[in-house]
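The chain contents come next:
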Amino acid sequence: MKKAMFAALAALFALSAPLAAEDHDKPEWSIAIHGGAGTLDPTMMTPERRAEYEAALQQALDAGAKVLASGGSAMDAVKAAIIPMEDSPLFNAGKGAVFTWEGKNELDASIMDGRDRSAGAVTGVTTIKNPILLADAVRTESEHVFLMGEGAEQFAATQDIETAPPEYFATPARRESLERMKAEALSALDVDTKFGTVGAVALDMEGNLAAGTSTGGMTGKRWGRIGDAPVIGAGTYADNRACAVSATGWGEYFIRVGVAQEICTRLRMLKAQAAFASGGQHREWLDQQDYAQGISDAVMAEVKQLGGDGGVILVTPEGHALFSFNTTGMYRGRADSTGMSEVAIFGGDVEAGASNTPDH
């Protein structure tokens with residue numbers, strides 16, 4: 001079986017080798033962000049509301065791009081991009097997080113460095129203004145990867161992490177969603193037209209990758225439910241050998257598929273197989289192909305096949321910033337050192353960045 005697979009790869013590369021002569025400039029740095037994916041209808045969004053979201057996305061994108069353009073690290077760029085979205089009531093992260101069944105705002109976040117695969121994550125915190133900063137402190141200032149609830153907040157106090165009172169996170173729109181859910185016996189999917197999780201992935205000038213994700217979870221969540229956002233390998237993953245991924249969507253399915261690491265692993269294995277099959281002769285050609293988009297779409301199709309919705313952003317070591325989502329829209333943006341800078345909301349807004357996965 002393996003010999004047949006390698007032979008097929010070798011034949012493919014032999015037939016396609018002439019394409020390797022084409023030269024493509026690689027970005028020195030690259031970044032992608034998301035602010036959630038879901039059932040988004042352009043006719044239901046006013047021009048003013050759309051402009052508000054686009055401005056918020058652009059602000060976050062610019063903050064991360066500024067770090068990278070000045071020679072900063074991918075890790076710092078990811079935090080710089082996520083913090084404005086955590087501070088905005090437009091997104092389900094930090095201020096503007098959804099309510100649990102009991103009427104609380106519980107926050108989750110995770111972050112990962114592709115250089116050494118160090119990672120930090122927190123779940124169920126209620127007073128941390130920017131959970132992504134606490135997740136990074138867990139990564140750098142503790143011997144652990146994942147802290148929860150009261151313990152995570154006790155650790156935050158030792159690190160001078162900024163806190164905020166519970167009322168800071170509460171917004172009228174999110175409270176209305178919870179009240180409607182209870183009054184009409186609806187599910188979280190009925191009141192959450194989008195999964196407002198935020199995230200960022202980046203490649204810096206040193207060739208290092210990083211990823212981060214932050215969320216308030218799902219409206220009306222109960223019994224200490226935890227989604228994919230704080231789970232390393234499901235909602236967040238970064239590996240300099242493959243890619244950096246941040247996910248948003250129906251967390252239970254993303255956990256079952258292990259979406260973030262699954263995408264990175266498939267990319268890494270494809271590169272290894274290609275190098276073996278061709279003797280390393282077609283690495284440059286492979287870098288110019290759209291295989292990262294294909295792999296991302298395939299993993300998201302698997303999520304959809306199981307019954308899940310959502311999307312991912314990713315950046316590759318070659319500087320490709322990509323999106324893949326199986327919903328009708330995804331709040332997203334990307335920028336790189338070649339001058340590209342764009343934000344989008346609905347499927348097809350940015351043709352090069354829209355997934356081939358069918359909308360539904």
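Nothing here was measured: the structure is a model prediction, and the numbers come from that model. (Residues numbered from 1 in each chain as written. Predicted model: local features only at pLDDT ≥ 70, side-chain atom pairs only at ≥ 80, totals over all residues. Heavy atoms only, no water.)

Caption draft 1: Representation of the packing of helix 2 (residues 47-69) against helix 3 (residues 74-86) within the structure. Where helix 2 meets helix 3, the axes come as close as 8 Å, and the angle between the chain directions of the two elements is 160 degrees. Considering the angle they form, helix 2 stands roughly antiparallel to helix 3. Between helix 2 and helix 3 lies a crossing whose hand is right-handed. Here helix 2 contributes Leu57, Gln59, Ala60, Ala63, Gly64, Val67 and Leu68 to the contact with helix 3, which in turn contributes Ala74, Asp76, Ala77, Ala80, Ala81, Pro84 and Met85. In terms of residue class, the contact of helix 2 with helix 3 is built from 11 nonpolar, 2 polar and 1 charged. (Axes fitted to C-alpha atoms, helices over the stretch in contact; angles between N-to-C directions. Helix = DSSP H or I, 4+ residues; strand = E, 2+ residues; numbered from the N terminus. Parallel < 35°, antiparallel > 145°, perpendicular 65-115°, else oblique. Left-handed = near helix turned anticlockwise from the far one by under 90°. Contact = heavy atoms within 4.5 Å. Nonpolar A, V, L, I, M, F, W, Y, C, P; charged D, E, K, R; others polar.)

Caption draft 2: Quick look at the nonpolar core. Residues Ile31, Ile33, Phe91 and Leu134 are the most contacted members of the largest nonpolar core, which totals 52 residues. Judged by nonpolar contacts, the second largest core, of 38 residues, contains Met112, Val201, Cys243 and Tyr291. (Core = buried A, V, L, I, M, F, W, Y, C linked by side-chain atoms within 4.5 Å. Buried < 20%, exposed > 50% of the residue type's maximum accessible area, 1.4 Å probe, protein only.)

Caption draft 3: Spotlight on helix 3. For helix 3, built from 13 residues, the straight-helix expectation of 18 Å at 1.5 Å per residue is met to within 8% by its first-to-last C-alpha distance of 18 Å. Counting buried residues along helix 3, 11 of its 13 residues qualify, which places the element largely inside the surrounding structure. Buried residues belonging to helix 3 abut strand 1 (30-38), helix 2, strand 2 (107-113), helix 4 (131-141), strand 6 (198-203) and strand 7 (209-215). (Expected span 1.5 Å × (residues − 1).)

Caption draft 4: View of a nonpolar patch on the surface. A cluster of nonpolar side chains, contributed by Val145, Phe146 and Ile226, occupies part of the molecular surface with about 230 Å² of accessible area. Relative to the assigned elements, Ile226 resides in the loop between strand 7 and strand 8 (236-239). (Patch = residues over 30% accessible without salt bridge, like charges linked within 9 Å, V, L, I, M, F, W, Y side chains within 5 Å. Areas by Shrake-Rupley, 256 points an atom, 1.4 Å probe, with all protein chains shown as cover. Salt bridge = Lys/Arg side-chain N within 4 Å of Asp/Glu carboxyl O.)

Caption draft 5: Broad picture of helix 2. For helix 2, which comprises 23 residues, the first-to-last C-alpha distance of 31 Å matches the rise-based estimate of 33 Å (1.5 Å per residue) to within 8%. Turning to helix 2, its buried residues are Tyr53, Ala56, Leu57, Ala60, Leu61, Gly64, Ala65, Val67 and Leu68. Positive backbone phi, approximately 90 degrees, marks Gly71, located one or two places after helix 2.

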